[in-house]
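Understanding the architecture of this molecule
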Amino acid sequence: MEQSFFERAWDVVRQVPEGRVASYGQVARLMGAPRCARQVGYAMHGSPGVAGGVPCHRVVFADGSLAPGFAFGGPGEQRRMLEAEGVGFLPSGRVDMKTSQWEV
């Protein structure tokens, strides 16, 4: 049986190492759907979360902004989780993508 779009997105995000982030567009490109960043966002919102093996807190916007509607406690919780993993932030509150973006 073929995997759904959401399952494919979750499989990519499960590969993002601790202490790193990926952008929605990066996840979309890695799963072979380069124009589907918004749908990746829907998949992260509908994910079972870290308890379900999907570290969706590691997915951010390309400019390092956090998701305003982070489903598992809001952007404050997403930032707390990322900082606990060693992800760096800029004074603007965005993730430092130069030092923290996952390089595949």
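These lines cover the structure that appears in this document, whether it is placed above or below. (Residues numbered from 1 in each chain as written. Predicted model: local features only at pLDDT ≥ 70, side-chain atom pairs only at ≥ 80, totals over all residues. Heavy atoms only, no water.)

So, on to the environment of Ala 28. Secondary-structure assignment places Ala 28 in helix H2 (residues 24-30). Ala 28 sits in the buried class, given a relative accessible area of 0%. Once the C-alpha coordinates of Ala 28 and Arg 38 are considered, the two residues, ten residues apart in sequence, prove to be 8.8 Å apart. Discounting residues that sit within four places of it in the chain, Ala 28 has contacts with Ala 33, Pro 34, Cys 36, Ala 37 and Val 40. (Helix = DSSP H or I, 4+ residues; strand = E, 2+ residues; numbered from the N terminus. Buried < 20%, exposed > 50% of the residue type's maximum accessible area, 1.4 Å probe, protein only. Contact = heavy atoms within 4.5 Å.)

The biggest cluster of nonpolar side chains holds 19 residues, and the ones touching the most others in it are Val 13, Tyr 24, Val 27, Met 31, Val 40, Met 44 and Val 59. Every element with two or more residues in this core is listed here: helix H1 (5-13), H2 and helix H3 (37-45). Not counting chain neighbours up to four residues away, the residues in contact with Val 59 comprise Val 13, Ala 22, Ser 23, Tyr 24, Val 27, Met 44 and Gln 78. (Core = buried A, V, L, I, M, F, W, Y, C linked by side-chain atoms within 4.5 Å.)

Of all the residues in H3, the buried ones are Val 40, Ala 43 and Met 44. When H3 is viewed along its axis, its buried side chains cluster within an angular range of 100 degrees and face the same direction. Turned more than 90 degrees off the buried face of H3, the exposed positions are Arg 38 and His 45. Structurally, H3 contributes buried residues whose contacts are with H1, H2 and strand S2 (59-60). (Arc of directions from axis to C-beta.)

Don't take any of this as a statement about function, it's just geometry.
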